[in-house]
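# Tertiary structure, described
Each chain is listed here by its residues.
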Protein chains: 2
Amino acid sequence: MGNAQVADGDSARAWPALVRAYQDVRRDAEAALRRHGLKSLEEYDALLELRRAVRPLSLSELEAETLLRQYQTSRLVDRLEARGLVERTVAPADGRSRLVTLTKAGRLTQKAAGRAYAEVLDNRFAERLAGDELAMLRRLLLRVGAD
Amino acid sequence: MGNAQVADGDSARAWPALVRAYQDVRRDAEAALRRHGLKSLEEYDALLELRRAVRPLSLSELEAETLLRQYQTSRLVDRLEARGLVERTVAPADGRSRLVTLTKAGRLTQKAAGRAYAEVLDNRFAERLAGDELAMLRRLLLRVGAD
DNA sequence: TGAATTTAGATGCATTTGCATATAAATATG
DNA sequence: CATATTTATATGCAAATGCATCTAAATTCA
């Protein structure tokens, strides 16, 4: 949406800046992830959740962690599976459920991509804002989102 | 990407909050725009630029204003045209260029959608943050984006 | 227990994206 | 002036998205 400008009540001059920041960070982050074979932040997030989990996650658990829609999760896992980054197995306890686990390649990719991602964020946040500014930014953003 | 969490250096705890805020505002805004027949923020932005412009804009001018890609602009205009919100005419001065103008319906849609959009932003920003907080948020976000 | 309901995922279909390339008009060059 | 190049926009095609719906397994409950 580019400028994301609205009618012009200046009540919300922060919104275009938010859009801009989001897009710029996201662009950098996705470029970094692409260099490691991932196609989107969503893919990375799924890999990260899988790595963090103590036990294999079902698709619906993964869905809950990532805030993706049901069908998005299903297809995201399709793609990760096709590239050999995860595996899907029928849950022993519930025949409807599929458990998703990272493969070796998936773990390696997550690790490498994670480092690149963290670098981008450092670049965009830590190197540009002081600690108290970061905290303030976060607090303000949390008030804008949520509900 | 849901949580948008990264490896865990806390240098960038602001990023998940940024993602969250962006997604929440955008979701509300698009819901409001849909009620007025628009499918995305991008569509609204294009209508707004066209309304603001003193003269008809070519596709490439519109592209520059909105930060869309060339093919995105072309197809966005396709869709707006199909719904009777804009018209495309060959530029008199340059036979390659198409000038895009709002139709009557396009103007009405822009106006109504704009009000709804502004309401959402007021809701998300002005009603939640004080004036100096808004200004601060904006300043911080501008430093994160850009470059 | 057997039929109805709910839950977990998958998928058909239409739309949208992205990339690369095509078309066509304008401009530059020899 | 004729050809090559650049500029403005459109488009074919493959992948991705969204919606609604489907299948199959589990659970409810009469």
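Being a predicted model, the structure only gives us computed values, none of them experimental.

## Quick notes on the nonpolar core
Formed by 80 residues in total, the largest nonpolar core has its most connected members in L18(A), L33(A), Y117(A), L18(B), L33(B) and Y117(B). Among all residues touching L33(A), those that are not within four sequence positions of it are L38(A), L41(A), Y44(A), A113(A), A116(A) and Y117(A).

## Overview of the confidence of the model for chain A
On average, residues of chain A score 90 in pLDDT, and 92% of them are at 70 or above. No element of chain A has a lower mean pLDDT than helix α1 (residues 14-34) of chain A, at 92, and none a higher one than strand β3 (residues 98-102) of chain A, at 97.

## Topic: the pairing of β3(A)
Judged from the two bridges that link them, strand β1 (residues 57-58) of chain A and β3(A) form a sheet pairing that is antiparallel. Paired with S58(A) across the bridge in β3(A) is L99(A).

## Points about the interface of chain A and chain B
Put simply, an interface is often sized by how much accessible area is lost when its parts join up. Across the boundary between the two partners, chain A contributes 53 residues, which contact 53 residues of chain B. Contributions of two or more residues to the side of chain A that touches chain B are made by α1, α2 (41-52), α3 (59-66), α5 (104-126) and α6 (131-144) of chain A. Along the lines of polarity and charge, the residues of the side of chain A that touches chain B split into 31 nonpolar, eight polar and 14 charged.

## A closer look at the sheet that holds strand β2 (residues 86-90) of chain A
Residue and element names in this part refer to chain A. An order of β1-β3-β2 is seen for the three strands of this open sheet, with the pairing classed as antiparallel. The sheet is open, and its two edges are formed by β1 and β2, each paired on a single side. Where β2 and β3 come together, five bridges link them in antiparallel fashion. The residue of β3 that forms the bridge with T89 is L99.

## Let's talk about α5(A)
With 23 residues, α5(A) should cover 33 Å at 1.5 Å per step; its first-to-last C-alpha distance of 31 Å lies within 8% of that length. Along α5(A), the positions that sit buried rather than exposed are G106(A), T109(A), Q110(A), A113(A), G114(A), A116(A), Y117(A), V120(A), L121(A), R124(A) and F125(A).

## Comments concerning the relation of the copies chain A and chain B
With an RMSD of 0.1 Å, the operation that places chain A on chain B is a rotation of 180° combined with a shift of 0.0 Å along the axis. Considering both components of the superposition, the chain copies are consistent with a two-fold axis. Considering only C-alpha atoms, the residue of chain A closest to the rotation axis is L137(A), which sits at 3.1 Å. Both copies present the same face, since 100% of the interface residues in chain A are matched by interface residues at the equivalent positions in chain B.

## Let's talk about the protein's contact with DNA strand D
The environment of DNA strand D is made up of 21 residues, and the closest members are G95(A), S58(B), S60(B), Y71(B) and S74(B). Elements supplying a minimum of two residues to the surface near DNA strand D: α4 (70-82) of chain A together with α3 (59-66) and α4 (70-82) of chain B. With five residues, α4(B) is the largest single contributor of residues to the surface near DNA strand D. For the surface near DNA strand D, the class distribution of residues is four nonpolar, eight polar and nine charged.

## Here's the deal with the sheet that holds strand β3 (residues 98-102) of chain B
Residues and elements named next belong to chain B. The strand order across the open sheet formed by three strands is β1-β3-β2, and the pairing between neighbours is antiparallel. The open sheet has two free edges, formed respectively by β1 (57-58) and β2 (86-90), since each of these has just one partner strand. Lying on the sheet, helix α2 (residues 41-52) is in contact with β1, β2 and β3; it crosses β3 at an angle near 90°.

## Focus: the protein's contact with DNA strand C
Close to DNA strand C lie 20 residues; S58(A), L59(A), S60(A), Y71(A) and G95(B) are nearest. Every element with two or more residues in the surface near DNA strand C is listed here: α3 and α4 of chain A together with α4 of chain B. Looking at the surface near DNA strand C element by element, the count peaks at five residues for α4(A). Grouping the constituent residues of the surface near DNA strand C by class yields four nonpolar, seven polar and nine charged.

## Comments concerning helix α6 (residues 131-144) of chain B
Taking 1.5 Å of rise per residue, 14 residues should cover 20 Å, and α6(B) covers 20 Å from first to last C-alpha, within 8% of that figure. Turning to α6(B), its buried residues number three or more, namely L134(B), L137(B), R138(B), L140(B), L141(B) and V144(B). Packed against the buried residues of α6(B) are α1, α5 and α6 of chain A together with α5 (104-126) of chain B.

## Comments concerning the environment of A116(A)
Residues and elements named next belong to chain A. The topology assignment puts A116 in helix α5. Its 20 C-beta neighbours within 10 Å are what place A116 among the buried residues. If near-sequence neighbours (up to four positions away) are discounted, A116 is found in contact with A32, L33, R35 and H36.

## Re unusual backbone geometry
Residue and element names in this part refer to chain A. At L67, a position not held by glycine, the phi torsion is positive, near 65°. Mapped onto the elements of the fold, L67 is located in the loop between α3 and α4. Of the residues examined, L67 has 17 C-beta atoms within 10 Å and is grouped as partly exposed.

Thresholds applied
Residues numbered from 1 in each chain as written. Chains lettered and ligands numbered in written order. Predicted model: local features only at pLDDT ≥ 70, side-chain atom pairs only at ≥ 80, totals over all residues. Core = buried A, V, L, I, M, F, W, Y, C linked by C-beta atoms within 7 Å. Buried ≥ 20, exposed ≤ 12 C-beta atoms within 10 Å, placed from the backbone. Contact = placed C-beta atoms within 7 Å. pLDDT = per-residue confidence, 0-100. Helix = DSSP H or I, 4+ residues; strand = E, 2+ residues; numbered from the N terminus. Pairing = 2+ DSSP bridges. Nonpolar A, V, L, I, M, F, W, Y, C, P; charged D, E, K, R; others polar. Expected span 1.5 Å × (residues − 1). Least-squares fit on C-alpha atoms with pLDDT ≥ 70 in both. Near = placed C-beta within 6 Å. Axes fitted to C-alpha atoms, helices over the stretch in contact; angles between N-to-C directions.

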